[in-house]
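# Examination of the molecular architecture
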Amino acid sequence: MKVAVLGTGIMGQGVAGTLLREGFDVTVWNRTRSKAEPLATDGAVVADTAQEAVAGAEVVVTVLFDGDAVLEVLDDAAGDTGPDAVWVQASTIGEADTARVVRTADEHGLRLVEAMMLGTKKPAATGKLVMLAAGDGALLEAVRPVLDALGSKTIVAGDTVGQGTALKLAANAWIASITAAAAQSLALTQALGLDPQLFLDAIDGGASDTPYAHLKGATMIAGEYPAQFALDGIRKDIGLMQEAAQGTGFDTGLLEALSGVYGTAAERGHGDDDIAAVRVGFDRES
């Protein structure tokens, strides 16, 4: 199966690498070509344009930062795929931009599904993502080999593109919350004069324990934040959650608090670092 991967940032690189390892014929494209070129050593064809990348592809996977980027690529490259190609929208772009993408795909006669990726850099690179899919059932079956290669499981949220996005926003709200909660408890432990590792030891093995707290907690204690999921990315997603909640009766108070603490970390220079850098948002500036 020939697959085009459009966007080779943190997640796109992992996606393309996994597909290559699983034997797919992969062409990659990135607006900044240098970010795609390392994949050539793994066997990918590096295209100069999105149009070139999608030509002849059976499946096109978009792993781009925001809705504007997805829409631009759709407009640029929609006419270069064959009539049987399926576009898999895998970028977290929120409900409003997903609706725009659906309309644009319809205008171009594209066959579109979505498959949001729950996970970070390592799961993407090892095929251990959880895929949150939505769209026409026949089209989802057509791209099932790609979904199975990328994920440990696929959750079908519904038959309408946009339902996968809704589930992804809810899941990322959980990730944002537990990461910030771990940072808060570690910071409070330290502020009260104790070794922050004691907090992780206290919850270890109990009903309130989660492996994620230990994974991110170790990074927070070390004060080193190599990006698995960039902090500016979760900030974007929190904004999308707030937008999606408008008019639903859902209270966004906690989302507003999360936006504040992640925003503080970004203001202190950690926007490109891992979301674990939210830990610095709990320190008073000296």
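See the structure above.
None of the values given here were measured: they were computed from a predicted structure.

## What to know about the overall build of the protein chain
In terms of helices and strands, the protein chain carries 12 helices and 8 strands. A compact globule built from 286 residues should have a C-alpha radius of gyration of about 19 Å, and the protein chain, at 20 Å, falls within 12% of that. Its C-alpha atoms give the protein chain principal-axis dimensions of roughly 65 × 45 × 35 Å. Across the 286 residues that make up the protein chain, the buried fraction comes to 50%. Here the protein chain displays about 12900 Å² of accessible surface, and carbon together with sulfur accounts for 51% of that area. Each charge sign in the protein chain was given a centre, from 20 positive and 39 negative side chains, and these centres are 3 Å apart.

## Considerations on the nonpolar core
Side chains of a nonpolar character, in soluble globular proteins, are inclined to be buried together. Membership of the largest hydrophobic core comes to 34 residues, with the highest contact counts inside it found for V5, L19 and V28. The leading source of residues in this core is helix α1 (residues 10–21), at 5 residues. Those residues in contact with V5 that sit more than four places away from it in its chain are G12, V15, A16, L19, V26, T27, V28, W29, V61 and V63. Counting residues in each nonpolar core, the second largest holds 33 residues, with I178, A183, L186 and Y212 among its members.

## Here's the deal with the pattern of salt bridges
This model, assessed by the stated rule, comprises 10 salt bridges. For E37, the salt bridge identified is with R33, shortest N-O distance 2.9 Å. E37 gets classed as partly exposed once you look at its relative accessible area, which sits at 39%. For R33, a relative accessible area of 33% puts it in the partly exposed group. Here K216 ties to D274 by a salt bridge, and the two come within 2.8 Å at their closest N and O atoms. Placement of K216 in helix α10 (residues 211–222) and of D274 in the segment after α12 (253–270) is noted, with a sequence separation of 58 residues between them.

## Things to note about the sheet that holds strand β4 (residues 59–62)
The 8 strands lie next to each other as β3-β2-β1-β4-β5-β6-β7-β8, forming an open sheet whose pairing is mixed. With one partner strand each, in any of the chains shown, β3 (45–46) and β8 (151–158) form the two edges of the open sheet. In the sheet, β4 pairs with strand β5 (residues 86–89) via 4 bridges, with the strands oriented parallel. Paired with T62 across the two strands is Q89, which belongs to β5. Running at roughly 170 degrees to β5, helix α3 (residues 67–77) makes contact with β1 (2–6), β2 (25–29) and β5 of the sheet.

## Details of the packing of α3 against helix α4 (residues 94–108)
Viewed as axis vectors pointing N to C, α3 and α4 meet at an angle of 5 degrees, and their least axial separation amounts to 10 Å. As judged from the angle between their axes, α3 and α4 are roughly parallel. For the pair α3 and α4, contact is made by G67, D68, V70, L71, L74 and D75 and by D97, R100, V101, T104 and H108, respectively. Here the residues of the contact of α3 with α4 sort into 4 nonpolar, 3 polar and 4 charged.

## Quick word on the side chain of K168
Counting through the fold element by element, K168 comes out in helix α8 (residues 163–191). Among buried charged residues, K168 stands out as having no salt bridge; its nearest opposite-charge side chain is D237, 5.4 Å away. In this structure K168 touches T92, M116, M117 and L132, once residues within four positions along its chain are discounted.

## Focus: the environment of A125
Here A125 is to be found in helix α5 (residues 121–126). Separated by 112 residues in sequence, A125 and Q13 place their C-alpha atoms 7.5 Å apart.

## Topic: the packing of α8 against α10
Here α8 crosses α10 at 50 degrees, and the two axes come no closer than 10 Å. When the interaxial angle is binned, α8 and α10 end up oblique. The chirality of how α8 crosses α10 is right-handed. Along its contact with α8, which presents I175, I178, T179, A182, A183 and L186, the element α10 presents Y212, G217, M220 and I221. Among the residues making up the contact of α8 with α10, the classes are represented as 8 nonpolar, 2 polar and no charged.

## Quick notes on the packing of aromatic side chains
What the rule picks out here adds up to 0 aromatic pairs. Just above the ring of F65 sits the side chain of K236; from NZ or CZ to the centre is 4.7 Å.

## Focus: helix α11 (residues 231–245)
Between its terminal C-alpha atoms α11 stretches 21 Å, which fits the 21 Å expected from 15 residues at 1.5 Å a residue. Along α11, the residues that are buried comprise L231, G233, I234, D237, I238, L240, M241 and A245. Where α11 is buried, its residues meet α4, α8 and α12. G247, located one to two residues past α11, shows a positive phi value of around 80 degrees.

Cut-offs applied
- Residues numbered from 1 in each chain as written.
- Predicted model: local features only at pLDDT ≥ 70, side-chain atom pairs only at ≥ 80, totals over all residues.
- Heavy atoms only, no water.
- Helix = DSSP H or I, 4+ residues; strand = E, 2+ residues; numbered from the N terminus.
- Rg over C-alpha atoms; globule rule 2.2 N^0.38 Å.
- Buried < 20%, exposed > 50% of the residue type's maximum accessible area, 1.4 Å probe, protein only.
- Areas by Shrake-Rupley, 256 points an atom, 1.4 Å probe, with all protein chains shown as cover.
- Lys, Arg positive; Asp, Glu negative; His and termini not counted.
- Charge placed at Lys NZ, Arg CZ, Asp CG, Glu CD.
- Core = buried A, V, L, I, M, F, W, Y, C linked by side-chain atoms within 4.5 Å.
- Contact = heavy atoms within 4.5 Å.
- Salt bridge = Lys/Arg side-chain N within 4 Å of Asp/Glu carboxyl O.
- Pairing = 2+ DSSP bridges.
- Axes fitted to C-alpha atoms, helices over the stretch in contact; angles between N-to-C directions.
- Parallel < 35°, antiparallel > 145°, perpendicular 65-115°, else oblique.
- Nonpolar A, V, L, I, M, F, W, Y, C, P; charged D, E, K, R; others polar.
- Left-handed = near helix turned anticlockwise from the far one by under 90°.
- Phe/Tyr/Trp six-rings, centres within 6.5 Å; stacked < 30°, edge-to-face > 60°.
- Lys NZ or Arg CZ within 6 Å of the ring centre and 35° of its normal.
- Expected span 1.5 Å × (residues − 1).

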